Amino acid sequence: MRAVFVDANPTLGDLAERLRKPSDPPVGVNRQPDVKPEELPRVLDGAPVAWIDHTYLPTAIAAQCKGLKHVVFLGTGARSYMHIEELAGLGIEVHLIKGYGDTAVAECAFALMWAAAKGFARMDREMRTGNWLRLDGVELTGKTVGLIGYGGIGAEMARLCRGAGMNVLAWNRSAKSAEGVRFVPIDELLAQSDVVSMHLLLNDETRGFLSAPRIAQMKRGAILVNTARGAVVDEAAMIAALKSGQLGHAGLDVYDVEPLPRDHPLTKLDNVTLSAHSAFRTPEASMNLIEAALNHTRRIAG
């Protein structure tokens, strides 16, 4: 039994080698983070376990990976990179890693919310070109934040927002309750929230969840934050709403296409703050992630 980390960046590759115990199954580390899908059969070289961070695994390519029985996806959004049911049909089981970066991602969402409210990104851009631009910010204390999805990240976001003196609404696909959080129907959340923050897993039911009609239900000038997956929001509708002022600002860490293409329409809007799908990238979250991947591999080998 052996595993191969097919697309390790330097940080995660170093951790994989440092945290692996001598008694653990071997884990090969391919330090080529931009590996192409068609190279995976060669990189895996018959290994039954693949660790995948961000590389697409088309079903046709998986079928060429002889001996592959398990994919340990380093996160929860595997459906953005592979077709889980089709892989199951090939006898390949996909394992997800939940909770490793809940605090890291929530802190990013919280930071994007504040950057959007204060206009920091635009002022920074303008000042670097010599333009002393002064914008009016928004005070978030006493405002209402609506959380769409209430898993571990949503719960952490609620904790941070409550600590900042905000009112917290939430909508979740299954019934939940939490201290200091009022769970409401989605229409009510959209109509009442000054900030809407996305915390949904991406699947067939949530793809395009924040649609044009739902964006139209939001308060005019509201802030949208998305650290979940780009496809849970109708990107074209979001861009149109940003241009019209229906959305006051968007703080985004995720996109329909990643990396975000050069000259993408979002890069040309002043009322958008962008980060490069990096919410989970903290030393603490990275250690949690690799330890969880090792635990999956230990369990598979056992």
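Above this text sits the structure in question.
Residues numbered from 1 in each chain as written. Predicted model: local features only at pLDDT ≥ 70, side-chain atom pairs only at ≥ 80, totals over all residues. Heavy atoms only, no water.

Okay, the sheet that holds strand β6 (residues 144–148) next. Ordered in space as β8-β7-β6-β9-β10-β11-β12, the seven strands form an open sheet in which the pairing is parallel. The sheet is open, and its two borders are formed by β8 (181–183) and β12 (272–274), each paired with just one other strand. Pairwise comparison of adjacent strand axes, ignoring direction, gives a mean angle of 20 degrees for this sheet. Judged from the three bridges that link them, strand β7 (residues 167–171) and β8 form a sheet pairing that is parallel. Counted as the bridge partner of Val-168 is Val-181 from β8. Lying on the sheet, helix α5 (residues 102–118) is in contact with β6, β9 (195–198), β10 (222–226), β11 (247–252) and β12; it crosses β10 at an angle near 150 degrees. (Pairing = 2+ DSSP bridges. Helix = DSSP H or I, 4+ residues; strand = E, 2+ residues; numbered from the N terminus. Axes fitted to C-alpha atoms, helices over the stretch in contact; angles between N-to-C directions. Contact = heavy atoms within 4.5 Å.)

A separate point is the side chain of His-277. When you line up the elements, His-277 lands in the loop between β12 and α11 (283–301). Only 2.6 Å separates the side chain of His-277 from the side chain of Glu-258, close enough to count as a polar contact. Filtering out sequence-adjacent residues up to four positions away, His-277 remains in contact with Tyr-81, Arg-229, Asp-253, Val-254 and Glu-258. (Polar contact = N/O pair within 3.5 Å; in protein donor to acceptor, adjacent residues only side chain to side chain.)

By the definition in use, this model includes one cavity of 30 Å³ or more. The volume enclosed by the largest cavity comes to roughly 60 Å³. What lines the largest cavity is simply Asn-226, Gly-230, Val-233, Glu-235, Met-238, Leu-252, Val-254, Tyr-255, Asp-256 and Leu-266. (1 Å grid on protein atoms, 1.4 Å probe; cavity = no way out; pocket = protein on both sides within 12 Å on 5 of 7 lines; lining within 4 Å. Points joined across faces, edges and corners; volume = space filled by probe spheres on them.)

The next subject is the pairing of β10. Remember that side chains alternate between the two faces of the sheet whenever the strand is regular. Of all five residues making up β10, five are buried, and the element is well covered by its neighbours. Burial of β10 is two-sided: the residues Ala-222, Leu-224 and Asn-226 facing one way and the residues Ile-223 and Val-225 facing the other way are all buried. Direction of pairing for β9 relative to β10: parallel, over a ladder of four bridges. Within β10, the residue paired with Val-195 across the bridge is Ile-223. For the crossover that starts at β9, traverses helix α9 (residues 212–217) and ends in the parallel β10, the hand is right-handed. Inspection of the sheet shows β10 paired to β11 by five bridges, in the parallel sense. By the bridge assignment, Ala-222 is partnered in β11 with Leu-247. Tracing the backbone out of β10, into helix α10 (residues 235–244) and back to the parallel element β11 gives a crossover that is right-handed. (Buried < 20%, exposed > 50% of the residue type's maximum accessible area, 1.4 Å probe, protein only. Right-handed = clockwise from strand over helix to strand, strands pointing away.)

What follows is about the pairing of strand β3 (residues 49–52). Going residue by residue along β3, you find Val-49 and Trp-51 tucked away on one face and Ala-50 and Ile-52 tucked away on the opposite face as well. In this sheet, β3 lies alongside strand β1 (residues 3–5) in parallel orientation, the contact comprising three bridges. The partner of Phe-5 across the bridge, within β3, is Trp-51. Sheet topology note: the β3/strand β4 (residues 70–73) ladder contains four bridges and is parallel. Across the sheet, Ile-52 pairs through a bridge with Phe-73, a residue of β4.

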